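# Chain and residue survey
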Amino acid sequence: MGTIHIDLFATLDLVGQAPGGPDEDPEGFPYGGWQAPLFDETGGQQVMEGMQGMDALLLGRRTYDIFAGYWPKQGDGVDGDIATLFNRIPKYVASRGNPDLGWAGSTQLGPDLGSAVRELRDRHEKIHVIGSLNLVQTLLRERLFDRLNLWIFPIVLGVGKKVFDGGAVPANLTLVEPPATSAKGAVLLRYRLDEGTPTTGDMTRDDRGEQ
């Protein structure tokens, strides 16, 4: 069975809305493109390393439309390697509407999202969900993911859609490798979803988790 990786860029207050540009999701949000001034070469390297082995993209409608309008037009520039990968692998769109599937290799998922995502796990080895905050809420709620790759950037916005914006349920996650940091203060945290739900303890007693 394959794995589903959720890749998100967020602020310290966990706002994940429109990190890449002002036109991504502008309604009621004045900070579109907040990520760009804080992204650097280290971040780019980590993004590329995380994409190793990716063989499918799973996207929400808005993110798909943005990607479909951008990546097919990229050539050998700074984004050439990513463009080659994205244009080659299958793309799956979670949408209740009628998206334009003109980007080669694109397929719209059926109305039963849970079943459709589980079928993708049987079909692919490493599926990445990038952005797509509305879709992510469903995946979090249904525990339909295996890894959460979360970039935290050193700013606070105080407004905007958040990473856990209606999809959070009790869950255990384990950090699978040491955090990666960039010169501009961004931190990449790679988590694995584990079984069970969080337990409780008493910090004044012997159950503080000390080794």
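Everything in this summary refers to the structure shown in the same document. (Residues numbered from 1 in each chain as written. Predicted model: local features only at pLDDT ≥ 70, side-chain atom pairs only at ≥ 80, totals over all residues. Heavy atoms only, no water.)

### A word on the pairing of strand β5 (residues 126-130)
For β5, a buried count of five out of five residues is recorded, marking the element as mostly surrounded by other parts of the structure. As defined by bridge partners, strand β1 (residues 3-11) adjoins β5 across five bridges and the pair is classed as parallel. If you follow Ile4 over to β5, its bridge partner there is Ile127. With three bridges connecting them, strand β2 (residues 56-60) and β5 associate as parallel partners. Bridge pairing in β5 links Ala56 to Ile127. (Buried < 20%, exposed > 50% of the residue type's maximum accessible area, 1.4 Å probe, protein only. Helix = DSSP H or I, 4+ residues; strand = E, 2+ residues; numbered from the N terminus. Pairing = 2+ DSSP bridges.)

### Details of the environment of Ile130
Mapped onto the elements of the fold, Ile130 is located in strand β5. With a relative accessible area of 12%, Ile130 lands in the buried category. Considered as a pair, Ile130 and Asp25 are 105 residues apart in the sequence and their alpha carbons are 15 Å apart. Residues within four places of Ile130 in sequence aside, it is in contact with Asp7, Met51, Leu57, Leu58, Leu59, Thr63, Phe67 and Phe86. (Contact = heavy atoms within 4.5 Å.)

### Considerations on the side chain of Gln17
The topology assignment puts Gln17 in the loop between β1 and α1 (41-50). Given a relative accessible area of 4%, Gln17 falls into the buried group. A polar contact of 2.9 Å, which involves the side chain of Gln17, links it to the backbone oxygen of Asp25. A polar side-chain atom of Gln17 sits 2.8 Å from the main-chain amide nitrogen of Lys161. Other than its neighbours up to four places away in sequence, Gln17 contacts Asp25, Glu27, Phe29, Trp34, Leu133, Gly160 and Lys161. (Polar contact = N/O pair within 3.5 Å; in protein donor to acceptor, adjacent residues only side chain to side chain.)

### Observations regarding the packing of aromatic side chains
Counted according to the given criterion, the structure contains eleven aromatic pairs. Taken together, a centroid distance of 6.1 Å and an interplanar angle of 75° make the contact between Phe29 and Tyr31 edge-to-face. We classify Phe29 as buried; its relative accessible area is 6%. Residues Tyr64 and Trp103 carry aromatic rings whose centres are separated by 5.9 Å and whose planes lie at 40° to one another, so their mutual orientation is tilted. On the criterion of sequence distance, the pair formed by Tyr64 in helix α2 (residues 61-70) and Trp103 in the loop between β3 (91-94) and β4 (106-108) is long-range, its members being 39 residues apart. Taking relative accessible area as the criterion, Tyr64 reaches 0% and is therefore assigned buried. One Lys or Arg, Lys91, reaches over the ring of Trp103 and ends 4.6 Å from the middle of that ring. (Phe/Tyr/Trp six-rings, centres within 6.5 Å; stacked < 30°, edge-to-face > 60°. Lys NZ or Arg CZ within 6 Å of the ring centre and 35° of its normal.)

### Description of the pattern of salt bridges
Evaluated as defined, the whole model comprises six salt bridges. Between Glu177 and Arg190 there is a salt bridge, with the nearest N and O atoms lying 2.9 Å from each other. On the criterion of sequence distance, the pair formed by Glu177 in the loop between β7 (172-175) and β8 (180-181) and Arg190 in strand β9 (residues 187-194) is long-range, its members being 13 residues apart. A salt bridge links Asp194 to Arg192; the nearest nitrogen and oxygen atoms lie 2.8 Å apart. For Arg192, a relative accessible area of 35% puts it in the partly exposed group. Put simply, Asp25, Arg62 and Lys161 are held in one network by salt bridges that share partners. (Salt bridge = Lys/Arg side-chain N within 4 Å of Asp/Glu carboxyl O.)

### Some remarks on unusual backbone geometry
Even without being glycine, Ala18 reaches a positive phi, approximately 45°. Relative accessible area serves as the criterion here: at 6%, Ala18 is assigned to the buried category. Here Arg143, not a glycine, exhibits a phi torsion of approximately 55°, which is positive. Looking at where Arg143 falls in the secondary structure, it is placed in the loop between α5 (133-141) and β6 (147-153). Classification of Arg143 as partly exposed rests on a relative accessible area of 27%.

### Looking at the pairing of β2
Along any regular strand, the residues point their side chains to alternate faces of the sheet. Of all five residues in β2, five are buried; the element is thus mostly enclosed. On β2, burial covers both faces: Ala56, Leu58 and Gly60 on one face and Leu57 and Leu59 on the other are all buried. In the sheet, β2 pairs with β3 via four bridges, with the strands oriented parallel. Pairing of Leu57 across the sheet is with Lys91, part of β3.

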